[in-house]
Amino acid sequence: MTAVEAQPMDTKEIGRDRRRKEDARLITGRTRWTDNLQLNGMLHLAMVRSPFAHARITTIDTRAAEEATGVVAVLTGEDLADTQGACINAWAITTDQVTPAHPPMPVDRVAFAGETVAVVVARSAAEARDAAELVEIDYDELPAALDLKEAAAASAENGGALAHPDLGTNKSAFWRFDSAEAGTGGDVDEAIAQAREDGVVLEREYRQQRLIPAFMEPRSVVVDPTGEQITVWSATQIPHILRFALAATTGVPESKIRVIAPDVGGGFGGKLQQTPEEMIAFAVARRLGKPVKYTETRSESLLSAHHGRDQWQKLTLAATKDGHVTGLKVELLADLGAYVALVGGGVPVLGAFMFNAIYKFPAYQFNCQTVLTNKTWTDAYRGAGRPEATYAVERLMDELAAELGKDPLEVREMNWIKHEEFPFTTVAGLEYDSGNYEAATARAKELFGYDDLRAEQKRRRDSGDPVQLGIGVSTFTEMCGLAPSRVLGQLNYGAGGWEAASVRMLPTGKVEVITGASAHGQGHETAFSQIVADRLGVPFEDVEILHGDTQVVPRGMDTYGSRSLVVGGEALVRAADKVIEKAKPIAAHLLEASIDDLEFKNGRFGVRGTDQGLAIGEIATASFAAHNLPDGVEPGIDADATYDPVNFNFPHGTHLCAMEVDTETGETRMRKYTCVDDIGVIINPLIVSGQVHGGLVQGIAQALWEEAVYDDSGTLVSGTFTDYLLPTAADTISFDIDHTSSPSTTNSLGTKGVGEAGTIASTPAVVNAVVDAVRHLGVDDIQMPCTPERVWKAINTAGSGGETVDAAVPHLSTEEGQA
Amino acid sequence: MTRINLTVDGMKVSDDVEPRMLLVQYLREKLGKTGTVVGCDTSNCGACTVHLDGESVKSCNVLAVQADGHDVTTIEGLAKDGRLHPVQEAFRECHGLQCGFCTPGMIMQSIDLLNHNPQPSEQEIRVGLEGNLCRCTGYHNIVRAVQYASGQLVAAAGEAGGVAEEVTPA
Ligand code: FES
Ligand code: FES
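Residues numbered from 1 in each chain as written. Chains lettered and ligands numbered in written order. Predicted model: local features only at pLDDT ≥ 70, side-chain atom pairs only at ≥ 80, totals over all residues. Heavy atoms only, no water.

## With respect to the overall build of chain B
(1) Moving on: Secondary structure summary: chain B contains five helices and five strands in total.
(2) Moving on: Order of helices (α) and strands (β) in chain B, N terminus to C terminus: β-β-α-β-β-β-α-α-α-α.
(3) Moving on: For a compact globule of 170 residues, the expected C-alpha radius of gyration is about 15 Å, and chain B comes in at 16 Å, within 12% of that figure.
(4) Moving on: The dimensions of chain B, computed from C-alpha atoms along their principal axes, are 55 × 35 × 30 Å. (Helix = DSSP H or I, 4+ residues; strand = E, 2+ residues; numbered from the N terminus. Rg over C-alpha atoms; globule rule 2.2 N^0.38 Å.)

## Section: the side chain of His655 of chain A
(1) Moving on: By secondary structure assignment, the location of His655 of chain A is in strand β26 (residues 652–662).
(2) Moving on: Among the polar contacts listed, one links the side chain of His655 of chain A to the side chain of Tyr673 of chain A, at a separation of 2.8 Å. (Polar contact = N/O pair within 3.5 Å; in protein donor to acceptor, adjacent residues only side chain to side chain.)

## Observations concerning the sheet that holds strand β23 (residues 604–607) of chain A
Residues and elements named next belong to chain A.
(1) Moving on: Spatial strand order, β22-β23-β24: three strands in an open sheet with antiparallel pairing. Each edge of the open sheet carries a strand with a single partner, namely β22 (598–601) and β24 (613–615). When the angles between neighbouring strand axes are averaged without regard to direction, this sheet yields 20°.
(2) Moving on: Note that β22 and β23 share four bridges and pair antiparallel. Of the residues in β23, the one forming a bridge with Lys601 is Arg604.
(3) Moving on: Along the sheet, helix α18 (residues 564–591) contacts β22, β23 and β24; its crossing angle with β23, the most-contacted strand, is approximately 45°. (Pairing = 2+ DSSP bridges. Axes fitted to C-alpha atoms, helices over the stretch in contact; angles between N-to-C directions. Contact = heavy atoms within 4.5 Å.)

## Remarks on the environment of Trp705 of chain A
(1) Moving on: For Trp705 of chain A, the position within the fold is in the loop between α20 (685–704) and β28 (736–740).
(2) Moving on: Linking Trp705 of chain A and Ala352 of chain A, residues 353 residues apart in sequence, is a C-alpha distance of 26 Å.

## Here we look at the nonpolar core
(1) Moving on: Membership of the largest hydrophobic core comes to 101 residues, with the highest contact counts inside it found for Phe355, Phe366, Tyr673 and Val766 of chain A.
(2) Moving on: Shared between two domains, this core holds at least three residues of each, these being domain 1 (23–30 + 498–643) and domain 2 (433–475 + 650–806) of chain A.
(3) Moving on: Those residues within four positions of Tyr673 of chain A in sequence are excluded, and the remaining contacts are His655, Leu656, Cys657, Leu696, Ile700, Ile733, Phe735, Asp736, Ala761, Ser762, Ala765 and Val766 of chain A.
(4) Moving on: In this structure, Ile27 and Phe215 of chain A together with Cys99 and Leu114 of chain B belong to the second largest nonpolar core, which totals 51 residues. (Core = buried A, V, L, I, M, F, W, Y, C linked by side-chain atoms within 4.5 Å. Buried < 20%, exposed > 50% of the residue type's maximum accessible area, 1.4 Å probe, protein only. Domains from an automatic or database assignment.)

## Some details on the sheet that holds strand β10 (residues 230–234) of chain A
Residues and elements named next belong to chain A.
(1) Moving on: Strand order in the open sheet made by the seven strands is β3-β5-β1-β12-β9-β10-β11, with mixed pairing throughout. Pairing within the sheet leaves two strands with one partner each, and these edge strands are β3 (71–76) and β11 (257–260). The average angle at which neighbouring strand axes cross in this sheet is 20°, direction not considered.
(2) Moving on: As defined by bridge partners, β10 adjoins β11 across four bridges and the pair is classed as parallel. When the sheet's bridge partners are listed, Val232 is paired in β11 with Val259.
(3) Moving on: Here helix α8 (residues 239–250) sits on the sheet in contact with β10 and β11, set at roughly 150° to β11.

## A few points about a negative patch on the surface
All names here are of chain A.
(1) Moving on: On the surface, Glu66, Glu67, Glu78 and Asp79 cluster together into a patch of negative charge.
(2) Moving on: Going through the elements one at a time, α2 (63–67) and α3 (77–80) are the ones with two or more residues in the negative patch.
(3) Moving on: Structurally, the position occupied by Asp79 is in helix α3.
(4) Moving on: Judged by its relative accessible area of 34%, Asp79 falls in the partly exposed class. (Patch = residues over 30% accessible without salt bridge, like charges linked within 9 Å, V, L, I, M, F, W, Y side chains within 5 Å. Areas by Shrake-Rupley, 256 points an atom, 1.4 Å probe, with all protein chains shown as cover. Salt bridge = Lys/Arg side-chain N within 4 Å of Asp/Glu carboxyl O. Lys, Arg positive; Asp, Glu negative; His and termini not counted. Charge placed at Lys NZ, Arg CZ, Asp CG, Glu CD.)

## A word on the pattern of salt bridges
Residues and elements named next belong to chain A.
(1) Moving on: Here the structure, examined in full by the defined rule, presents 63 salt bridges over all chains.
(2) Moving on: Note that Arg49 and Glu277 form a salt bridge whose closest N and O atoms lie 3.0 Å from each other. Of this pair, Arg49 sits in strand β1 (residues 43–49) while Glu277 is found in helix α9 (residues 276–288), placing the two residues 228 residues apart along the sequence.
(3) Moving on: The salt bridge involving Glu660 is made with Arg669; its shortest N-O contact spans 3.2 Å.
(4) Moving on: For Arg669, a relative accessible area of 48% puts it in the partly exposed group.

## Examining the interface of chain B and chain A
(1) Moving on: With 53 residues of chain B in contact, the opposing surface of chain A contributes 58 residues.
(2) Moving on: A buried area of about 4,700 Å², summed over both sides, lies between chain B and chain A, and 53% of it is on carbon and sulfur atoms.
(3) Moving on: The tally of links between chain B and chain A comes to four salt bridges.
(4) Moving on: With its nearest N and O atoms 2.8 Å apart, the salt bridge here joins Asp35 of chain A to Arg28 of chain B.
(5) Moving on: Counting across the interface, chain B meets chain A through 24 residue pairs in polar contact (both at pLDDT 80 or more).
(6) Moving on: Broken down by secondary-structure element, the contributors of at least two residues to the side of chain B that touches chain A are α2 (86–93), α3 (103–116), α4 (122–128) and α5 (140–149) of chain B.
(7) Moving on: The residue inventory of the side of chain B that touches chain A, partitioned by class, reads 23 nonpolar, 17 polar and 13 charged. (Buried area = accessible area lost by both parts, 1.4 Å probe. Nonpolar A, V, L, I, M, F, W, Y, C, P; charged D, E, K, R; others polar.)

## Focus on the domain arrangement of chain A
Reports often express the size of an interface as the amount of accessible area lost when the parts come together.
All names here are of chain A.
(1) Moving on: Examined at the domain level, chain A breaks down into domain 1 (23–30 + 498–643) and domain 2 (433–475 + 650–806).
(2) Moving on: On a C-alpha basis, the centroid separation for the pair domain 1 and domain 2 is 41 Å.
(3) Moving on: Roughly 1,100 Å² of surface becomes buried between domain 1 and domain 2 when both sides are summed, with 55% attributable to carbon and sulfur atoms.
(4) Moving on: In this assembly, domain 1 and domain 2 are joined by zero salt bridges.
(5) Moving on: Where domain 1 meets domain 2, there are three residue pairs in polar contact (both at pLDDT 80 or more).
(6) Moving on: A total of five residues in the side of domain 1 that touches domain 2 trace back to one element, the largest contributor, which is α18.
(7) Moving on: For the side of domain 1 that touches domain 2, a count of residues per class yields six nonpolar, eight polar and one charged.

## Quick word on α2 of chain B
(1) Moving on: Burial analysis of α2 of chain B places seven of its eight residues in the buried class, which makes it a mostly covered element.
(2) Moving on: Listed as buried for α2 of chain B are Val87, Gln88, Glu89, Ala90, Phe91, Arg92 and Glu93 of chain B.
(3) Moving on: On its buried face, α2 of chain B sits against α1 (23–26) and α20 of chain A together with α3 and α5 of chain B.
(4) Moving on: A positive backbone phi angle near 55° is found at His95 of chain B, which sits one or two residues after α2 of chain B.

Written out as C-alpha cells, the structure reads:
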C-alpha cells in the first residue's frame, strides 16, 4: 500500500481510483468458485438431456446405468415428481398470461432440446458422465414450434405446431401501453395518419437475434443436506430469490435453507435464474442424505442455461417534414422459448418505457406479444429489454436523418429533452430526474473527431474507395436501479425492489458491512468500502463487505438491472447514517457534552469550540464494553437500513462509432469507438471504466458476431465456443471513454447505474455505422449480426441483407393480439 | 492407472492416474490446485492455461500422463517470497479483471507472451491473447495490464501506482 492510503481520514474515498480489494485473491488463484468445493462423501451428478426439441418420453431404462461402477442412483422426473418443486415465473405480465407448468425434470414430455430427463448420481463426476451415456430413453417426436412468427400464428385449429399442445396456443401474454389511454400523450394512430398526409412515416422491422449470456464460469451447484439447515452453494446472481423459490416450491421451510453464492464468475443476467439443475440437485441431496455437486460443461451451459433477446420488432415512426417526431408505435413478438422463465415476459416489458428514449414523442404505443416455442427458454441478458428498445429507436433516428438528408446528431438534438427541461415526464409516464444530452454529445463529438471523420467519409465516397467509412450514433438512456416496489406491484411483479444493508461496528474498530446485493465481478467489495469509509470516516482498509450468503445477509434482493449501487449503495448510506445517530448520545455522554454541541467529521465526534472528541471506533469499543452508557441506551451501535427507491435511475450517454466496410468482401473493421456516459457521481472511475468496456464489447458482439442458431429440427447448432462466437482480444479495439455528470437527484450519492450502459448503447451505434458506410449503395438495413456475408449480400442486392423484405406488412394485428 | 511423477509449483508429486485424466482435472481434483479453472470443453477459452516447462499450454488439452517428468507452474505458484509476479501486479493495477474467472489463464498466457516478446505492440498483445476468452472486461484493460507489465505504460489510471504488494494469506 502506498503512504497516501495510510491516512484515509483526510482523503475523500468517493471518486478515487482504488485498486480492487477482490483482486488479491483472484490474481493468485485463491478463489472459491462453487466447483472448487469438496465435501466429505460428496456425490456427483450428470444430467441426461433430451436430444429432441419436442417429444413424448415413452420409456426410460436406467438399469445399465445403475449397474455401472460408482453409480449410486439414477433418478427420473417420475422419481422426483413429488419433491423436486417447480421453476417459477415471478412476473406474470398479464393476469391471463398462459404459463406452462415447469417441473425441473419433466415426467412425460420434453419441450426443448437440452431439457433434463434423468440424473445420474455417482462417486465421481467422470463416473456419473460415463453412466449417463448408458441411460436408454425412447421418445416419440412431436411437431416442434420453432420459428417465432410461425409459432405466434399457430393454433389448435390451424394445425400449427404448439410448444405445449395442452395449452391450445403458443401465445403467452399480450401487453400494451398506450399514451392516449394512460393520459401521458396523444393518440399514436392519429399521429401516424397525420404524418402520412403531410409528414414522414418510417416503417421498419428489426430482428433482435437470440443471444447467449455466456458468462465464463459454467454454472455449478453444491447441496449439503447434512446438518440442520440444507446448505446450497450456487453460481448464482440471486441467492435470496433462490432460497425463496426453493422453499416456496418444495415445502422445505425457508429457515431450513441457507443459500451461498461464493465467488461467481460473471452473470450478465444469465445467472438471474432459479434453474432446474439447482432444483434437481436439491431434491437428490435430500433424497440421498449426502452432499451432491453438479457442474455443467460449457456445451450444457450454452444449450440449457437461459438465452436472451430474440424478438421481432415492427416499428412505425411518424415525424414532420422538418424532422420533429410526432409518434412511435411498437409491435413486438418476443420468444420466451419453452417456458416462462423467472422474469420471462417481463424482459420485453422492461423495454416498454424506453422506446421513446431521450426524445419528446407526443404519442406512443407499445404492444408486445410473448410467444412460447420449443427452444431454450429466454430471460434477462445484460440490459434486458432496454437494449432492444434502444436499438429500435436509435436505428430509427438514423433512418429519419437519412430520409430527411440531415445529420443524425442534428435530428436527435431537434427532438431530445433539453437540459433545462429536467425533471421531465416522458410519454411513457416516467419522470427523468436529470440529464444533459447536449453536454455529453458535445464532449463525444470532440473526443471522436466527428467532423474530421465525416470529412474522411466524404473523401472516400467521392473517390469510390472500395473501403467505405461509416459513422454510427447512439444517444441512449436507460432506466436502471430496479426498482420502486410500488411500480413493480403495479406491473404485477412477484416481489419488491428494495435493498437492505447493515453496518456492524466491531469492538476493535473494524467495520463489517452487510449488503443484500450479490456481486459476481462488479467490485462491490471495493466501491462499497469507499462509500462506507467516507460516510463513517474510517479507513478504507478497515471496512469489510459481506454478501452472497443468506445466513450472513438475512434480507436482500440481489444483483441485476444496474441496481447494486443506486439501490444497495443508498441502503448502505442510510445504515451508516443510523450508526452515527446511535453513536451520538453515547459520545455526548462520554464527552460530558450536550448532543447539540457535537459535530461528526472525519470519523470523529468533536465538541464544538474545543479540541475534545472521540472517534467512532472508540464509541464502538465503549458501547461494546457498555460500562458507561447513558441511561436507557442499549449497548451496540450497529444499524440496519432497507431502502426502497423512489424512482428509477436514468443514466445516458452519447456513443459514436466509426466502421470501415470493405464493399468488395463485406468485411467490417472497427476504426474508432468513443463514448461519453453521464452516470452521475462516480464512486470509482477505474471500476466504471471496466463496466463500460465490458458492456461495450457485449453490445458490439450482438451487432457483429453473436447469434444462437437452431436448425430445422430444433437443435442448437451454435452449441460450443467453436460455433458461438464470443469476441477475442484480437477482434476488439481500445475505446475512448469519458464522462459528463448530471448527478441523480433521487439518491443521496447522486449516482446512476452503469452495469448495462455500454451494452445498451453500443449495438445500434455499430449497426448504424455499418449501414452508414454503405447507405449510398442503397442499403438501409442489415440484419444482426452483421457478418461479412450479410453485409456483402446487402450491398449486392442493394437492399436488405436480412429477411426484412416485407417490413411494411404488420405481423401483429393488435385485435388478434388482444384476443 | 498409470504412475506419474512431476513437479507442480515447485512441489514434487507422484500419483496413479487414469490414462484419460486431463491435466486440469489432475491439478484441480487430485492436487486441490483450484486456482486453475475450466471454462469450456472445446479448448477455446484458455481459462485452464498453465505453464509446462515454462511454456503456456491449455491444461484441458493435455493429459496428466503427458506431464509425467515435467514441470508445471499454475497461477498458485507465481508469487515468490510473498511478492506478486509483475504480471499479477499489473492485472490488479490496471483493473484487468472483473469476475476473475478468466484471470488465471489470462495471466499465465500473458507471461508466456512477454517471455517471447518483451515489448509487444498492442496488436501483438491482442493476437497473443486470442486463445483466451474474457466476458467481463472487453479486453481493454487486459491489454493495458500487459503493456504495463512490459514497462510500456507508466500508470494505468488516476493515481500513480504499481507498488508491489505483499501477498497476504488471508
Ligand atoms: S477449459 Fe477452455 S480451453 Fe481449457
Ligand atoms: S474477468 Fe470475468 S471473464 Fe474475464
